[in-house]
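The residues making up each chain are set out below.
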Amino acid sequence: MKQSGISIGGALLCLIFNGASAAETHHAHGVAVDTRVVLELTPTERAMILEEMRLFLDGVQKMTGALAKPDMPAVADAARGLGQKMVHEVPPALRAKLPLEFRQLGFSVHREFDQIALDADSLKDVSHSLNQLSDTLKKCVSCHTTYQIQTPAPNDTH
């Protein structure tokens, strides 16, 4: 049983990396072309967004590890840490640069982690939590498939 949980958790993490990277490029005659929407951010803004993504990945790792045991209180704690509690005030300049769809996707992911935490506490059902996590990770893959973050070149004048 323990190995099965770990395999599922590992498969979910592979989904993040393989699904996102496979969808990021389209190959035409051997040349990779990135067709994702560019979010042009300052180095500080980019670091802020990337830090949040690393926190999501760390939380997902904690959740999958807890699901493999199964330790549902730890699943709930990890999920709760990724919920609305994680939302911080976004500086107005950064908010103006982020497309509405990007912001809506982010908020929905936070809400879903809160729901995973509630359900892990009340239902204590590993399969249910894994299905919820899988559905939430689809949004992560969608975001990574749609957007890329770049900083302007030092001599860029737009």
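Thresholds applied
Residues numbered from 1 in each chain as written. Predicted model: local features only at pLDDT ≥ 70, side-chain atom pairs only at ≥ 80, totals over all residues. Heavy atoms only, no water. Helix = DSSP H or I, 4+ residues; strand = E, 2+ residues; numbered from the N terminus. Buried < 20%, exposed > 50% of the residue type's maximum accessible area, 1.4 Å probe, protein only. Contact = heavy atoms within 4.5 Å. Areas by Shrake-Rupley, 256 points an atom, 1.4 Å probe, with all protein chains shown as cover. pLDDT = per-residue confidence, 0-100.

Topic: the overall build of the protein chain
And step 1. When its secondary structure is counted, the protein chain shows six helices and four strands.
And step 2. Helices and strands in the protein chain line up, N terminus first, as α-β-β-β-α-α-α-α-α-β.
And step 3. For the protein chain, the residues scored as buried account for 34% of the 158 residues in total.
And step 4. Of the contacts made within the protein chain by residues no fewer than 6 positions apart, 78% connect residues no fewer than 24 positions apart.
And step 5. Surface exposure of the protein chain reaches about 9300 Å², of which carbon and sulfur atoms provide 60%.

Side note on the confidence of the model for the protein chain
And step 1. Per-residue confidence for the protein chain gives a mean pLDDT of 85; residues scoring 70 or more make up 80%.
And step 2. Counting interchain partners and residues more than four positions distant, the pLDDT-below-50 stretch residues 1–24 has 30 contacts.

Quick notes on the side chain of His-110
And step 1. By the element assignment, His-110 lies in helix H5 (residues 100–123).
And step 2. Here His-110 falls in the buried class, since its relative accessible area comes to 3%.
And step 3. Contact partners of His-110, with chain neighbours within four places excluded, come to Glu-52, Phe-56, Leu-82, Gly-83, Gln-84, Met-86 and Val-87.

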